[in-house]
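Structural overview
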Amino acid sequence: MNKPRIDFNIIKKAYKERGVNNVRLTQSSLLLIQEINPNSTSINFDVLDSQVQNLLPQEIRLNINDEFIVSEVGVYLYGNIGSGDPVSEQPIMLPYAPYETDANFLSVAPLYDGQMKIGVNNIIYVEKWDLRKHCLVPRTQYDSFDAGLTVAASQPSINYQNDGMFGTDPMVTLSGAKKNEISISLPQALKVATGTWITGGDTTVTITIDKVALFLRGLNAQNAAKFQ
């Protein structure tokens, strides 16, 4: 991960020069999620929490009164993992297509051949951002339990502080008072994929990838958005 420097004092001073004196800067994150559409090679993310039509419970979006200074971006395949019991189903976020469990996951692998674009108020600040740099195949992957071969079940070794994340240098500022555009262009459409994994307790777990997640880290500037 290429981690950029965040100079809190410089950013605070820049807001003061803009006349925004009551801004509160805190480390924060945004988690934007979109469902896979097998008929489209474009993925468009809603940034604001006021865009409620497709808002998922897991998402963290930007308040219309705030601005968000993006210092790191992560791009992940998103879905759920569970054993058939709705209570046990949990969200899952992976920086690679886990086709070690099932060849079906090759249908979501083209995500990392895509490119991203970020714009604010029709000004494109980031374009042709390749997603290949977000793809990380961990040293340990899904390996199902096999009693006959005495193979222990294992999971991917993923550190979400670093794996799949990449620094934005220079940084980009999203605003709750402006039109924010974050989109991914793909060489081919993705298709929802499902596979299975057998735990050490000989339980079959189902893994489904049906969404794409964009994880943004940086500074949240409370009350910094200016409506004109």
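Attention now goes to the overall build of the chain. What the chain contains, in helices and strands, is one helix and 10 strands. If you list the helices and strands of the chain from N to C, you get α-β-β-β-β-β-β-β-β-β-β. Overall, the C-alpha framework of the chain stretches about 70 × 35 × 30 Å when taken along its three principal axes. Considering only contacts in the chain between residues 6 or more positions apart, those separated by 24 or more positions represent 74%. For the chain, the computed accessible surface area is about 11900 Å², with 46% contributed by carbon and sulfur atoms.

Right, let's get into the environment of V212. Structurally, the position occupied by V212 is in strand β10 (residues 204-222). Separated by 104 residues in sequence, V212 and V108 place their C-alpha atoms 9.4 Å apart. With sequence-adjacent residues up to four places away left out, V212 is seen in contact with L32, I33, Q34, I36, I43, F45, Y76, Y78, L111, I184 and L190.

This next bit is on the nonpolar core. Core analysis: the biggest nonpolar cluster contains 43 residues, and L111, M116, L174, I182, I184, L214 and L216 have the highest contact counts within it. Excluding its chain neighbours within four sequence positions, the residues that come into contact with I182 are L32, I43, N44, F45, V47, M116, K117, I118, L174, L214 and L216.

By the secondary structure assignment, E67 is in strand β3 (residues 67-82). A polar contact of 3.3 Å, which involves the side chain of E67, links it to the side chain of R18. Residues in contact with E67, not counting those within four places in the same chain, are Y15, R18, L62, T173, L174, S175, L219, N220, A221, A224 and A225.

It is worth spelling out the sheet that holds strand β2 (residues 42-45) at this point. Spatially, four strands are ordered β2-β8-β5-β6 in an open sheet, and the strand pairing comes out antiparallel. Two strands close off the open sheet at either side, each with one partner strand: β2 and β6 (123-130). The mean inter-strand angle of the sheet, taken between neighbouring strand axes irrespective of direction, is 15°. Inspection of the sheet shows β2 paired to strand β8 (residues 180-185) by four bridges, in the antiparallel sense. Bridged to S42 within β8 is S185.

What counts and what doesn't
Residues numbered from 1 in each chain as written. Predicted model: local features only at pLDDT ≥ 70, side-chain atom pairs only at ≥ 80, totals over all residues. Heavy atoms only, no water. Helix = DSSP H or I, 4+ residues; strand = E, 2+ residues; numbered from the N terminus. Contact = heavy atoms within 4.5 Å. Areas by Shrake-Rupley, 256 points an atom, 1.4 Å probe, with all protein chains shown as cover. Core = buried A, V, L, I, M, F, W, Y, C linked by side-chain atoms within 4.5 Å. Buried < 20%, exposed > 50% of the residue type's maximum accessible area, 1.4 Å probe, protein only. Polar contact = N/O pair within 3.5 Å; in protein donor to acceptor, adjacent residues only side chain to side chain. Pairing = 2+ DSSP bridges. Axes fitted to C-alpha atoms, helices over the stretch in contact; angles between N-to-C directions.

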